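Below, each chain spelled out in residue letters.
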Amino acid sequence: MPSKFNEHEMTKLRNIIAELNREIIKSKEHEQTVLSEFSSMNNDLVTLQRELAKNNSRLNEAKNQAVQASEAKSEFLALLSHEFRTPLNGIMGMTEILLMSSLTEEQRQSVTVIQESSQLLLYLINDILDLSKLEAGEMKLNPSEMDLRSISKHVNMLLSAKADKSGNQLYTEIDDSLSDTLIGDSTRVTQILMNLVGNAIKFTQGGSIYTRIQVLSEKDHKQMIRIEVTDTGIGITKEDQSKLFRPYAQTSDGQQSKYGGTGLGLSISKYFVNLMNGQIGVISEYGKGSTFWIEVSFEVKSSVEAMIPTTNEAEMNRLTAVTLETRDCIQCSPLEHPILIAEDNSINRKVVLVQLEKLGITNIDTVENGEEAVAAYLSKPYCVILMDHMMPKLDGIEATKKIRQIEEDEMRPHTPIIALTGNVTERQRRECLEAGMDDYLPKPITLETLREMMQRWLPEMHDDSILNEEVIMELLNLSEEKKGELLETLLDMYQADTPSKIDQLIHYINTNQCSEAIKTAHDLKSSSLSLGIEHLSLLLGKIETSATMGCLEEPKRMKELLVPAYEKACREIKKLLSSIHQ
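Starting afresh in each chain, residues are numbered from 1 along the sequence in its written order. Local features are withheld for residues below a pLDDT of 70 in this predicted model, meaning they are given only at 70 or higher, and side-chain atom pairs are given and counted only at 80 or more; totals for whole chains, interfaces and linings count all residues. Water and hydrogen atoms were dropped before computing side-chain values, which therefore reflect all heavy atoms in the structure.

> Can you walk me through the overall build of the chain in this structure?
In terms of regular secondary structure, the chain is built from 19 helices and 12 strands. Expressed as a percentage of contacts within the chain between residues at least 6 apart in sequence, the contacts between residues at least 24 apart total 71%. Helix and strand labels come from DSSP, where a helix needs a run of H or I of at least four residues and a strand needs a run of E of at least two; each type is numbered from the N terminus. We call two residues in contact when some of their heavy atoms are within 4.5 Å.

> What's the story with helix α10 (residues 370-379) in this structure? I'm lost.
Spacing of three or four residues puts side chains on the same side of an α-helix, whose turn is 3.6 residues. Think of it in three bands: with a 1.4 Å probe and only protein chains considered, a residue is buried below 20% of the maximum accessible area for its type, exposed above 50%, and partly exposed in between. The complete set of buried residues in α10 reads Gly-370, Ala-373, Val-374, Ala-376 and Tyr-377. Looking straight down α10, one finds its buried side chains confined to an arc of 160 degrees; they lie on one side. The elements touched by buried residues of α10 are β8 (339-342), β9 (364-367), β10 (384-388) and α11 (396-410). At the N-terminal boundary of α10, the capping side chain belongs to Asn-369, with an oxygen 3.1 Å from the backbone nitrogen of Glu-371. Along the arc lie the directions from the helix axis toward the C-beta atoms. Whenever a nitrogen or oxygen atom comes within 3.5 Å of another N or O atom, the pair is scored as a polar contact, on the condition that within protein one atom can donate a hydrogen and the other can accept it, and that pairs from neighbouring residues in sequence are kept only if both atoms are in side chains.

> Mind showing me how you'd approach the side chain of Asn-369 here?
Tracing the sequence through the fold places Asn-369 in the loop between β9 and α10. Within polar-contact distance, the side chain of Asn-369 engages the backbone nitrogen of Glu-371 at 3.1 Å. Residues contacting Asn-369, with those up to four places away along its chain left out, are Met-391, Pro-392, Lys-393 and Leu-394.

> I tried to follow the confidence of the model for the chain on my own but got confused; where do I start?
Atomic detail in the predicted coordinates should be set aside for any region of low pLDDT. Confidence scores labelled pLDDT are given residue by residue by the predictor and lie between 0 and 100. On average, residues of the chain carry a pLDDT of 80, and 83% of them reach 70 or more. Segment residues 254-260 is flagged for pLDDT under 50; beyond a separation of four residues in sequence, or across chains, it makes 10 contacts in the model. Per-residue pLDDT stays below 50 along residues 303-332; that stretch engages in 64 contacts with residues further than four places along the chain or on separate chains.

> What is the right way to look at the packing of helix α3 (residues 148-165) against helix α4 (residues 186-202) in this model?
Each pair of packed helices can be summarised by the angle the axes make with each other and by the distance between the axes. Taken N-terminus to C-terminus, the directions of α3 and α4 make an angle of 35 degrees; their axes are 10 Å apart at the nearest point. The two elements α3 and α4 cross, and the hand of that crossing is right-handed. Taking contact as the criterion, the partners of Leu-148, Ile-151, Ser-152, Val-155, Asn-156, Leu-158, Leu-159, Lys-162 and Ala-163 in α3 are, on α4, Ser-186, Val-189, Thr-190, Leu-193, Met-194, Val-197, Gly-198 and Ile-201. Angles here are taken between N-to-C directions and fall from 0 to 180 degrees, while the axes themselves are lines fitted to C-alpha atoms, restricted in helices to the stretch in contact. Crossing handedness is defined as follows: a turn of the near helix away from the far one that is anticlockwise and smaller than a right angle gives a left-handed crossing, while the clockwise case is right-handed.

> Before we go on, may I ask you to explain the packing of aromatic side chains in this structure?
The relation between two aromatic rings is expressed through the spacing of the ring centres and the mutual angle of the planes. Think of it this way: a Phe, Tyr or Trp ring, Trp meaning its six-membered ring, pairs with another when their centres are within 6.5 Å, and the plane angle makes it stacked under 30 degrees, edge-to-face over 60, tilted otherwise. If you walk through the whole model with that rule in mind, you get 2 aromatic pairs. Seen from their ring centres, Tyr-171 and Tyr-210 are 5.0 Å apart, and the 20 degrees between their planes marks the pair as stacked. Taken together, the residues Tyr-171 in strand β2 (residues 169-174) and Tyr-210 in strand β4 (residues 208-219) connect sequence positions 39 residues apart. Relative accessible area serves as the criterion here: at 37%, Tyr-171 is assigned to the partly exposed category. Accessibility expressed as a relative area gives 26% for Tyr-210, which makes it partly exposed. Arranged with centres 5.8 Å apart and planes meeting at 45 degrees, the rings of Tyr-494 and Tyr-566 form a pair that is tilted. Of this pair, Tyr-494 sits in helix α15 (residues 485-510) while Tyr-566 sits in helix α19 (residues 562-581), and the two are 72 residues apart along the sequence. Judged by relative accessible area, Tyr-566 falls into the buried class, the value being 9%.

> Please clarify how unusual backbone geometry should be interpreted in this entry.
In most cases, non-glycine residues show a negative phi, while peptide bonds are predominantly trans. The step from Lys-443 to Pro-444 runs through a cis peptide bond, and the omega angle for that step is 0 degrees. Secondary-structure assignment places Pro-444 in the loop between β12 (439-442) and α13 (447-457).

> Can you help me understand the nonpolar core in this one?
Across soluble globular proteins, you tend to see nonpolar side chains buried next to one another. For our purposes a nonpolar core is just a set of buried Ala, Val, Leu, Ile, Met, Phe, Trp, Tyr and Cys residues, chained together by side-chain atoms within 4.5 Å. The biggest cluster of nonpolar side chains holds 37 residues, and the ones touching the most others in it are Leu-148, Leu-182, Ile-225, Phe-292, Ile-294 and Phe-298. If you list the elements that add at least two residues to this core, you get α3, α4, β4, β5 (222-231), α6 (265-275), β6 (279-284) and β7 (290-300). The greatest single-element share of this core, amounting to 7 residues, is contributed by α4. If you look at the next biggest cluster of nonpolar residues, it comprises 34 residues, including Leu-467, Ile-502, Leu-505 and Met-558.

> I'm lost on the pairing of β6 in this one. Help?
Side-chain direction in a regular strand flips from residue to residue, so the side chains alternate between the two faces of the sheet. With 6 bridges connecting them, β6 and β7 associate as antiparallel partners. Opposite Ile-280, over in β7, you have Ile-294 as the bridge partner. When DSSP finds two or more bridges between a pair of strands, those strands are recorded as paired.

> Explain the pattern of salt bridges to me, please; I cannot follow it from the model alone.
Side chains that carry opposite charge are capable of pairing whenever their charged atoms lie near each other. The term salt bridge refers to a side-chain nitrogen of Lys or Arg lying within 4 Å of a carboxyl oxygen of Asp or Glu. A full pass over the atoms with the stated rule returns 19 salt bridges. One salt bridge connects Glu-19 with Arg-22, and the closest N-O pair in it is separated by 2.3 Å. With Glu-19 and Arg-22 both in helix α1 (residues 7-99) and 3 residues apart, this pair spans about one turn of that helix. We note a salt bridge from Asp-180 to Arg-149, for which the minimum N-O separation is 3.1 Å. In this pair, Asp-180 is assigned in the loop between β2 and β3 (182-184) and Arg-149 in helix α3, connecting sequence segments 31 residues apart. What emerges from the salt-bridge pattern is a single network uniting Arg-226, Glu-228 and Glu-295.

> What should I look at first to understand the packing of helix α16 (residues 514-530) against helix α17 (residues 534-548) in this one?
In the contact formed by α16 and α17, the axes pass within 8 Å of each other and the chain directions differ by 155 degrees. Here α17 runs roughly antiparallel to α16, going by the angle between their axes. At the point where α16 passes α17, the crossing takes the left-handed sense. In this structure, α16 contributes Cys-514, Ala-517, Ile-518, Ala-521, His-522, Leu-524, Lys-525, Ser-528 and Leu-529 to the contact, and α17 contributes Leu-536, Ser-537, Leu-540, Gly-541, Ile-543, Glu-544, Ala-547 and Thr-548. Gly is placed with the polar residues, together with every amino acid not listed as nonpolar (Ala, Val, Leu, Ile, Met, Phe, Trp, Tyr, Cys and Pro) or charged (Asp, Glu, Lys and Arg). Here the contact of α16 with α17 is built from residues that sort into 10 nonpolar, 5 polar and 2 charged. With respect to orientation, any angle under 35 degrees is reported as roughly parallel, any angle over 145 as roughly antiparallel, any angle of 65 to 115 as roughly perpendicular, and every other angle as oblique.

> Even after reading the chapter, I still don't get the environment of Ile-268, so can you show me in this structure?
Tracing the backbone through its elements, the reader meets Ile-268 in helix α6. On the basis of relative accessible area, Ile-268 is assigned to the buried category, the value being 0%. When the C-alpha positions of Ile-268 and Ile-192 are compared, they lie 8.1 Å apart, and in sequence the two are 76 residues distant.

> Where do I start with the sheet that holds β9 in this structure?
In a beta sheet, neighbouring strands pair by backbone hydrogen bonds and run either parallel or antiparallel. The sheet built from 5 strands is open, its strands ordered β9-β8-β10-β11-β12 with parallel pairing. In this open sheet, the two strands that pair with only one neighbour each are β9 and β12. Averaged over all pairs of adjacent strands, the angle between their axes in this sheet comes to 20 degrees, without regard to strand direction. Pairing analysis gives 4 bridges linking strand β11 (residues 417-421) to β12, with the strands arranged parallel. When the bridges of β12 are listed, Ile-418 appears paired with Asp-439. Seen against the sheet, α11 touches β10 and β11 and runs at an angle of roughly 150 degrees to β10. On top of the sheet, α13 reaches β8, β10, β11 and β12; it is set at about 170 degrees to β12, its chief contact.

> Help me understand α16 in this model?
Taking 1.5 Å as the rise per residue, α16 with 17 residues should run 24 Å; its terminal C-alpha atoms sit 24 Å apart, in good agreement. Those residues of α16 not exposed but buried are Ala-517, Thr-520, Ala-521, His-522, Leu-524, Lys-525, Ser-526, Ser-528 and Leu-529. Taken from the residues just after α16, Gly-532 is the one with a positive phi, measuring 80 degrees. Multiplying one less than the number of residues by 1.5 Å gives the expected span of a helix.

> Explanation requested: the environment of Val-111 in the structure shown.
Among the secondary structure elements, Val-111 is positioned in helix α2 (residues 105-135). Separated by 15 residues in sequence, Val-111 and Glu-96 have C-alpha atoms that sit 8.7 Å apart. Setting aside its immediate chain neighbours within four residues, Val-111 contacts Thr-95, Leu-98, Leu-99 and Leu-103.

See below:
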């Protein structure tokens, strides 16, 4: 059969087929190349994944090491704090008691030098611990109501002796538009002002220090505050100004031994200002003085809240800081049971023992470790147990847990246990409270802090400050015609409202209504203070503070003290009025 295609067409078809074959071959080769490249890329990806896995492993290991290092640092600082504060407690406790005894002027000066030196060492320890917590991000602000006017006045009062010694005058200028009540961390604001004013005094001789508080702006219930501390001292060079606000950094003049210090104060102040989202800086010319300033925005207390009477902060400081020279010993009714001191350090054991005796408490037992504390608890009941945290054989935490378990198993009444510790971290405080301790007393322990703690937990104890004599006398003198008439009227009004309010407060405490408990305690505290009822005001202030922190455990233990304190105050006022009318 003859072919349908001629030679030319056949050749053309063969060429097409050949071209197709070449394309197929090229395609195959390209595919092979792509597969090879994909395989190489896949190998690279696997290698990268392995490297990533190794890097992740290294990062996790580094992170774990960093966490362990941070924990080790915290544990080391806690131990360091405890070891420093333990001997300091002995030094400061004994010098405080020694200063209350009969001394010659030369002896008193020598003991005062010891006391001031130990106080400076305590400040240094606190600064180092603060810096460590700030660098680790563990420092938190505790915002609450604060009065900047009172804080500034309080700082000047604390530093007035230091200023007088260097021949300096302290002045304060405060903007009239400054709100009476702001929301901020009053403790840290006080610490910043103490650092700035203290430095100004240190580097000024026979000059002036001005503290100025200005309101730069007010918006959205917030005031932008600028605080300036200006001195007429030696000033700071431009070169030295660049070194400021760094840990342990000091100016060339500041390194001289006559000035002292570690260079921590300004760096800690800067950390605190940064936590408040503020700014801090300095303006200075060498030989012409310096101005350190901070700018921080504080929330203004709302107008509704402002209707609640507030207690002057300085007044509360006065209430809690009772002058020891005029009140060496408080009156203490015989205790039903003794107090137990569990402390392994013999010096500190002796210090606390002498301090308690100075407070009028003589029924005291002492033990040296946690095992002996548990054994003593099993042998007899105690009013209060003062438990050191770090002890041999059985530490204070474990001893407390055992005592709480015994109470639960044998249905024994609750015995207040107060931690004595040189570790002042918040973590340590939580650990003590979670173990079942009722309160926390950091070393070094002063006579006043021990007095306050004993009054809190021993209903049998009372002091002479049931009433504030200054307020009472002022109310008596305000009566225009019949002396005491105003006081008598105010007492009648107070007695008409207070019992029901105390009942309300106890109800709010029992039902865990923190916000209502805060308002009622604050209201009762303010009305009591206005009438000069001091001891009850202190109890109410402690309840208010605990409720503000969201903790009602302590108020639940303190609520039984309210009615007796109220009734006693009323009896004392009536007795006073009766003596006037006779």
